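So you can see what is in the structure, the chains are spelled out below.
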Amino acid sequence: AAAAAAVAAATPANVRMCVECEDVPAVVNCNSCGDDFCFLCFRWQHKKGARASHEVTALPGISLDDLPPLDRDGIGTTAHFEKAFRDLQQASAAAPAAASAAGETGA
């Protein structure tokens, strides 16, 4: 909550923030939900179920053509985000094991 408050204090009043992550400026408004989202949060929250059919309108000053393409190497998609998150988790889990192994052989 403190981080969100700090971001809000540093953000111009006319910038609409993502309703989900609260720390990234929104770029789209969901026509069905009525909420403003950054592109990644919209994709994450609307990837399946009834929400998958929701459509968006670009916020003022934003062009949907300027948003990340969904089919270019998966960048900007939920799958891309999930892969990056899994890769980070695996790297974090491997680091202590590697440090332990180095301590056993290097001492």
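Worth saying up front: this structure is predicted, and the values here are computed from it rather than measured.

Student: Where do I start with the sheet that holds strand β3 (residues 56-58) in this structure?
Tutor: Sheets are built from strands paired through backbone hydrogen bonds, the pairs being either parallel or antiparallel. Spatially, the three strands line up as an open sheet ordered β2-β1-β3, and their pairing is antiparallel. A single partner strand is all that each edge strand has here, and the edge strands are β2 (36-37) and β3. The pairing of strand β1 (residues 28-30) with β3 spans three bridges and is classified as antiparallel. Bridging from a neighbouring strand, N29 pairs with T57 of β3.

Student: Got a minute to help me understand the pattern of salt bridges in this structure?
Tutor: Any two side chains of opposite charge can pair if their charged atoms end up close together. Throughout the structure, instances matching the rule amount to one salt bridge. With a shortest N-O distance of 2.8 Å, R16 and D36 are connected by a salt bridge. With R16 in the loop between α1 (2-10) and β1 and D36 in strand β2, this residue pair connects regions lying 20 residues apart in the sequence.

Student: What exactly am I supposed to notice about the nonpolar core here?
Tutor: General note: in soluble globular proteins, nonpolar side chains tend to be found buried as a group. Judged by nonpolar contacts, C18, V27, V28, C30, F37, C38, F39, C41, F42 and L67 together constitute the single largest core of ten residues. Looking at this core, the elements that each hand over two or more residues are β1 and α2 (39-45). Contacts of V28, omitting those with residues within four sequence positions, involve D35, D36, F37, F42, V56, T57, A58, L59, L64 and L67.

Student: Looking at this structure, how should I read the environment of S53?
Tutor: Here S53 shows up in the loop between α2 and β3. Judged by its relative accessible area of 57%, S53 falls in the exposed class. Separated by 3.0 Å, the side chain of S53 and the backbone oxygen of A50 make a polar contact.

The rules behind these values
Residues numbered from 1 in each chain as written. Predicted model: local features only at pLDDT ≥ 70, side-chain atom pairs only at ≥ 80, totals over all residues. Heavy atoms only, no water. Pairing = 2+ DSSP bridges. Helix = DSSP H or I, 4+ residues; strand = E, 2+ residues; numbered from the N terminus. Salt bridge = Lys/Arg side-chain N within 4 Å of Asp/Glu carboxyl O. Core = buried A, V, L, I, M, F, W, Y, C linked by side-chain atoms within 4.5 Å. Buried < 20%, exposed > 50% of the residue type's maximum accessible area, 1.4 Å probe, protein only. Contact = heavy atoms within 4.5 Å. Polar contact = N/O pair within 3.5 Å; in protein donor to acceptor, adjacent residues only side chain to side chain.

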